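# Commentary on secondary and tertiary structure
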Amino acid sequence: MKRKKTKEVKVGNLVIGGNFPVSVQGMAKVPTSDLKSLLKEINSMVKEGAEIVRIAITKEEEANSIKFLKEKFRVPFVADIHYNASLAVLSIKNGFDKVRINPGNISRKDLKEIIRVAKDFNIPIRIGVNSGSIKIKNSLVESIVSFTEDTVKFFEDNDFHSIVISAKTPFVEETVEVYRRISEIFDYPLHVGITEAGKGYLAESKSILGIGLLLKEGIGDTIRVSLSMPAKEEIKIGKAILQALNLRIFEPEIISCPTCGRIKVNLNEVLREVEREIKKLVRKYPEVKNLKIAVMGCSVNGPGEAKQADIGIAGGDKKFVLFKKGNIIGTYREEEIVKVLIEEIKKMIL
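Model, not experiment: these values are computed from the prediction.

## Re the overall build of the protein chain
A tally of helices and strands in the protein chain yields 11 helices and 15 strands. Each of the three principal axes of the protein chain carries a C-alpha extent, and together these read 75 × 45 × 35 Å. The 350 residues of the protein chain split such that 52% are buried. Residue pairs in contact within the protein chain that sit at least 24 positions apart in sequence constitute 63% of those at least 6 positions apart. Here the protein chain displays about 16700 Å² of accessible surface, and carbon together with sulfur accounts for 49% of that area.

## Observations regarding the sheet that holds strand E12 (residues 292-296)
Strand order in the open sheet formed by five strands is E11-E12-E13-E14-E15, with mixed pairing between adjacent strands. Edge positions in the open sheet fall to strand E11 (253-256) and strand E15 (327-333), since each of these has one partner strand only. On average, adjacent strands in this sheet sit at an angle of 20 degrees to one another, irrespective of strand direction. Sheet topology note: the E11/E12 ladder contains four bridges and is parallel. Residue pairing for E12: Ile255 is matched across the bridge by Ala294. Those strands touched by helix H10 (residues 267-284) are E11, E12, strand E13 (311-315) and strand E14 (319-324), and its axis lies near 160 degrees from that of E12.

## Comments concerning the nonpolar core
Judged by nonpolar contacts, the single largest core of 74 residues is most densely connected at Ile55, Phe77, Ile114, Ile125 and Phe155. Discounting residues that sit within four places of it in the chain, Ile125 has contacts with Lys98, Val99, Ile101, Ile114, Ile115, Ala118, Phe155, Phe160, Ser162, Ile163 and Val164. The next biggest cluster of nonpolar side chains, apart from the first, holds 31 residues, and it includes Ile278, Leu291, Val295 and Ala309.

## Focus: helix H9 (residues 231-244)
With 14 residues, H9 should reach 20 Å at 1.5 Å per residue; the first-to-last C-alpha distance of 20 Å fits that figure. Listed in full, the buried residues belonging to H9 are Ala231, Glu234, Ile235, Ile237, Gly238, Lys239, Ile241, Leu242 and Gln243. Elements in contact with the buried residues of H9: strand E3 (23-27), helix H1 (35-48), helix H8 (201-216), strand E10 (222-223) and E11. Of the residues one or two after H9, Asn246 is the one with positive phi, at around 60 degrees.

## With respect to unusual backbone geometry
Backbone geometry places Asp159, a non-glycine residue, at a positive phi of 55 degrees. Residue position: Asp159 is located in the loop between helix H6 (140-157) and strand E8 (163-168). Positioned with a positive phi, Lys325 is a non-glycine residue whose angle comes to about 50 degrees. Counting through the fold element by element, Lys325 comes out in the loop between E14 and E15.

## Section: the pairing of strand E6 (residues 98-101)
Every second residue of E6 is oriented toward a common face, with Lys98 and Arg100 on one face and Val99 and Ile101 on the other, all of them buried. Judged from the four bridges that link them, strand E5 (residues 77-81) and E6 form a sheet pairing that is parallel. Bridge pairing in E6 places Ala79 opposite Val99. One crossover worth recording links E5 to the parallel E6 by way of helix H4 (residues 85-94), and it is right-handed. Two elements, E6 and strand E7 (residues 125-130), share three bridges in a ladder whose sense is parallel.

## With respect to the packing of aromatic side chains
Inspection of every chain in the model, using the stated rule, returns four aromatic pairs. With a centroid separation of 6.0 Å and 65 degrees between ring planes, the pair formed by Phe155 and Phe160 is classed as edge-to-face. Of the two residues, Phe155 and Phe160, neither departs from the other in class, the shared state being buried. Aromatic pair Phe186 and Tyr188: ring centres 6.2 Å apart, planes at 40 degrees, arrangement tilted.

## Some thoughts on the side chain of Arg126
In this fold, Arg126 is placed in strand E7. In this structure, Arg126 is buried with no salt-bridge partner, the nearest side chain bearing the opposite charge being Asp80 at 4.8 Å. A polar side-chain atom of Arg126 sits 2.6 Å from a polar atom in the side chain of Ser166. Not counting chain neighbours up to four residues away, the residues in contact with Arg126 comprise Arg54, Lys98, Val99, Arg100, Ile101, Val164, Ser166 and His191.

## Some remarks on the packing of H1 against H9
It is the contact of H1 with H9, at a shortest axis distance of 8 Å, that shows an interaxial angle of 15 degrees. With respect to H9, the axis of H1 lies roughly parallel. Helix-helix and strand crossings are classified by hand; for H1 and H9 the assignment is right-handed. Packed against H1, whose contacting residues are Glu41, Ser44, Met45 and Glu48, the element H9 presents Ala231, Lys232, Ile235, Lys236 and Lys239 at the interface. Of the residues contributing to the contact of H1 with H9, the split by class is three nonpolar, one polar and five charged.

Calculation rules
Residues numbered from 1 in each chain as written. Predicted model: local features only at pLDDT ≥ 70, side-chain atom pairs only at ≥ 80, totals over all residues. Heavy atoms only, no water. Helix = DSSP H or I, 4+ residues; strand = E, 2+ residues; numbered from the N terminus. Buried < 20%, exposed > 50% of the residue type's maximum accessible area, 1.4 Å probe, protein only. Contact = heavy atoms within 4.5 Å. Areas by Shrake-Rupley, 256 points an atom, 1.4 Å probe, with all protein chains shown as cover. Pairing = 2+ DSSP bridges. Axes fitted to C-alpha atoms, helices over the stretch in contact; angles between N-to-C directions. Core = buried A, V, L, I, M, F, W, Y, C linked by side-chain atoms within 4.5 Å. Expected span 1.5 Å × (residues − 1). Right-handed = clockwise from strand over helix to strand, strands pointing away. Phe/Tyr/Trp six-rings, centres within 6.5 Å; stacked < 30°, edge-to-face > 60°. Lys, Arg positive; Asp, Glu negative; His and termini not counted. Salt bridge = Lys/Arg side-chain N within 4 Å of Asp/Glu carboxyl O. Polar contact = N/O pair within 3.5 Å; in protein donor to acceptor, adjacent residues only side chain to side chain. Parallel < 35°, antiparallel > 145°, perpendicular 65-115°, else oblique. Left-handed = near helix turned anticlockwise from the far one by under 90°. Nonpolar A, V, L, I, M, F, W, Y, C, P; charged D, E, K, R; others polar.

Below, the structure written as structure tokens:
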């Protein structure tokens, strides 16, 4: 896929847009004033791979938290602001790396003041439009695009161009169409996501499909999966979307069959053990993340269907064959196959 070239916007130690990788970000879900819980949640997000962290700022003491957070973490922090422009100004002055404002609930007069201070401190702003915060006239898509266009023009008229744009709805079709239109109009980097997607399989599917469709079309420079689930789970799904599209590689791809009545080995247990050992291996040898590893249950799904894998195993009658690029190199007992596979992977990378 050919990604649309957008302007580069620096956010702390990371750049959004241009030729830089599509980044994964998340938002803390606990009250910002509860620092103990906030630290725990941010730590779990960062460990999972969050590259930008956004936190809600609802009062002055929360805007002051950035100094403490930056002592603990190296990721860029974004202040999420609604209604209160003075909190955006204070967040910028205190050291947040970016502010997200919702132009649907902040006046143009207040926006002007936020822009002035952001220019003075060289801090970027995300214009974060949500369908629930604007008046809908006739078409949802037309209303969002028109409102976003007017807002961006207001920023440009005030000589502010360090902009990231988002324009989300809870619906896949409408969100995708909105971003297509905005991508045609502007060359600012786009923050992509389905807002208020919900919880469970449908919510995850909406996020994967909506974000995935846009990225497949080359639209999007940073993503946030928004679910009624723990923040670290959003990060996992975001990374998985990028890897599924070959935009980023975070871990080895393990190809495994769904199993059927032909199986004569305990594939699920073998798969669990392989995943466990591979995680250990990646921590020691990061280059392992570039491998495709197959764990197949029988000859039907074995070396033939998995020949694109760098290395793999396929079950038989209480035994497994080991293969590389579709070529069988040995046969081993079920209880020893994982150890043999791991040792063979080590030989490949050392």
